[in-house]
Amino acid sequence: MDKTKTVKTRKTPTPAFAVISFLVIVAVLVALINLGVDTTMSVFIAALIAVVIALLLDIPWADVERTLLRVVSDCIPTFLIVIMVGMLVGIWMAGGTVPALMYYGMKLISPKILVPLAFVLSGLTAEFTGTSFGSVATMGIALVGVASTTSIPVPLVIAAVVCGAWFGDKMSPLSDTTNLASGVSRVPLYDHIGSMMYTTIPAALVALVLFTAAA
């Protein structure tokens, strides 16, 4: 008598099944957040739906579990960076760094170069700290404070700050999103950053020229 166990082969999803599954997960996630459900719980429920879809495709639970553990391990450097960045921003705020930047900025910065300088300084801050939000919350606040004492439109300075911060964050080896993309795709970090330069650097130069002209 043949006692060989029948091994299930995982099903290959059709393009329609894959697209519909993706849309269902996104729709549930968006709907829960709009209903005021906690973000963590919303993501957890969306993850449960993804697991159910995987089981419908006869993917063994062991494979699902290994994938979850691999993704979490790849994200650990990102988690650590986020924690350290949060500490850095808090220290800057408590230590008086932002008020000092505002004080010396009003003393030293000419209004004629404030807008392009906002782009450059925010970009450098994000490059060295690896955080766009942290750069906006520190250097950005200081520059907007300086702009409020001049005739330069504050929204224009805010735009320069945001653009510079996102540029620096994208190109920073300390950035959480840059490390996450590199880790999940298993591409060396500096290879990933180098590949982004072909599109990001020209875009940054165009933005710098436009902000200089707008000033």
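From a predicted model like this one, the values you see are computed outputs, not experimental measurements. (Residues numbered from 1 in each chain as written. Predicted model: local features only at pLDDT ≥ 70, side-chain atom pairs only at ≥ 80, totals over all residues. Heavy atoms only, no water.)

A few words on the overall build of the protein. A count of helices and strands for the protein gives 9 helices and 0 strands. In the protein, the succession of α and β elements from N to C terminus is α-α-α-α-α-α-α-α-α. Each principal axis of the C-alpha distribution contributes one length, and for the protein these read about 90 × 40 × 30 Å. Burial status across the protein gives 30% buried among its 215 residues. Counting contacts in the protein only where the partners sit at least 6 residues apart, residues at least 24 apart contribute 70% of the total. When the accessible surface of the protein is split by element, carbon and sulfur atoms take 76% of a total near 13300 Å². With 11 positive and 10 negative side-chain charges, the protein shows a separation of 3 Å between the mean positions of the two kinds. (Helix = DSSP H or I, 4+ residues; strand = E, 2+ residues; numbered from the N terminus. Buried < 20%, exposed > 50% of the residue type's maximum accessible area, 1.4 Å probe, protein only. Contact = heavy atoms within 4.5 Å. Areas by Shrake-Rupley, 256 points an atom, 1.4 Å probe, with all protein chains shown as cover. Lys, Arg positive; Asp, Glu negative; His and termini not counted. Charge placed at Lys NZ, Arg CZ, Asp CG, Glu CD.)

A few words on the pattern of salt bridges. Overall, the coordinates contain 1 salt bridge when judged by the stated rule. For Asp-63, the salt bridge is made with Arg-66, and the minimal N-O distance between the two is 2.1 Å. Here the residue Asp-63 and the residue Arg-66 both occupy positions in helix 3 (residues 61-94), the gap between them amounting to 3 residues, near one helical turn. Judged by its relative accessible area of 53%, Arg-66 is exposed. (Salt bridge = Lys/Arg side-chain N within 4 Å of Asp/Glu carboxyl O.)

This part is about helix 8 (residues 176-185). Among all positions of helix 8, only Thr-178, Asn-179 and Ser-182 are buried. Each buried residue of helix 8 lies within a common arc of 95° when the element is viewed along its axis, so the set occupies one face. In the segment just after helix 8, Arg-186 is the residue with positive phi, at about 60°. (Arc of directions from axis to C-beta.)

Among the secondary structure elements, Asp-169 is positioned in helix 7 (residues 154-171). No salt bridge forms around the buried Asp-169; measuring N to O, its nearest opposite-charge neighbour Lys-170 is 9.7 Å away. Separated by 3.0 Å, the side chains of Asp-169 and Ser-175 make a polar contact. The contacts of Asp-169, once residues within four sequence positions are left out, are Ala-126, Gly-130, Thr-131, Ser-132, Ser-175, Asp-176, Thr-177 and Thr-178. (Polar contact = N/O pair within 3.5 Å; in protein donor to acceptor, adjacent residues only side chain to side chain.)

Here we take up a nonpolar patch on the surface. A cluster of nonpolar side chains, namely Val-72, Ile-76, Phe-79, Leu-80, Ile-83, Met-84, Met-87 and Ile-91, defines an oily patch on the protein surface of about 810 Å² accessible area. Here Ile-83 shows up in helix 3. A relative accessible area of 53% places Ile-83 in the exposed class. (Patch = residues over 30% accessible without salt bridge, like charges linked within 9 Å, V, L, I, M, F, W, Y side chains within 5 Å.)

Here we take up the nonpolar core. Within the largest apolar cluster, 16 residues are counted, with the highest numbers of intra-cluster contacts made by Leu-114, Leu-143 and Val-157. The set of elements that each furnish at least two residues to this core consists of helix 5 (114-129), helix 6 (132-147), helix 7 and helix 9 (189-214). Those residues in contact with Leu-114 that sit more than four places away from it in its chain are Ile-109, Leu-143, Val-146, Ala-147, Thr-150, Ile-152 and Val-157. Within the second largest apolar cluster, 5 residues are counted, among which are Val-51, Ala-54, Leu-57 and Val-64. (Core = buried A, V, L, I, M, F, W, Y, C linked by side-chain atoms within 4.5 Å.)

It is worth spelling out the packing of helix 5 against helix 7 at this point. The contact between helix 5 and helix 7 brings their axes to 7 Å, and the two run at 30°. With respect to each other, helix 5 and helix 7 are oriented roughly parallel. In the packing of helix 5 onto helix 7, the handedness of the crossing is right-handed. Here Leu-114, Val-115, Ala-118, Phe-119, Ser-122, Gly-123, Ala-126 and Glu-127 of helix 5 lie close against helix 7, whose contacting residues are Leu-156, Val-157, Ala-160, Val-161, Cys-163, Gly-164, Ala-165, Gly-168, Asp-169 and Met-171. (Axes fitted to C-alpha atoms, helices over the stretch in contact; angles between N-to-C directions. Parallel < 35°, antiparallel > 145°, perpendicular 65-115°, else oblique. Left-handed = near helix turned anticlockwise from the far one by under 90°.)

Caution is warranted with low-pLDDT regions, since their predicted coordinates should not be read in detail. Scored by pLDDT, the protein has a mean of 82; 93% of the residues are at 70 or more. Mean pLDDT across the secondary structure elements of the protein bottoms out at helix 4 (residues 97-108), with 71, and peaks at helix 7, with 90. (pLDDT = per-residue confidence, 0-100.)

The next point concerns the packing of helix 7 against helix 9. Contact geometry of helix 7 with helix 9 gives a least axis separation of 10 Å together with a crossing angle of 165°. Of the possible angle classes, the one that applies to helix 7 and helix 9 is roughly antiparallel. Remark: the crossing between helix 7 and helix 9 carries left-handed chirality. Contacts between helix 7 and helix 9 involve Leu-156, Ala-159, Ala-160, Cys-163, Phe-167, Lys-170 and Met-171 from the former and Ile-193, Met-196, Met-197, Thr-200, Ile-201, Ala-204, Phe-211 and Ala-214 from the latter. Residues that form the contact of helix 7 with helix 9 fall into these classes: 13 nonpolar, 1 polar and 1 charged. (Nonpolar A, V, L, I, M, F, W, Y, C, P; charged D, E, K, R; others polar.)

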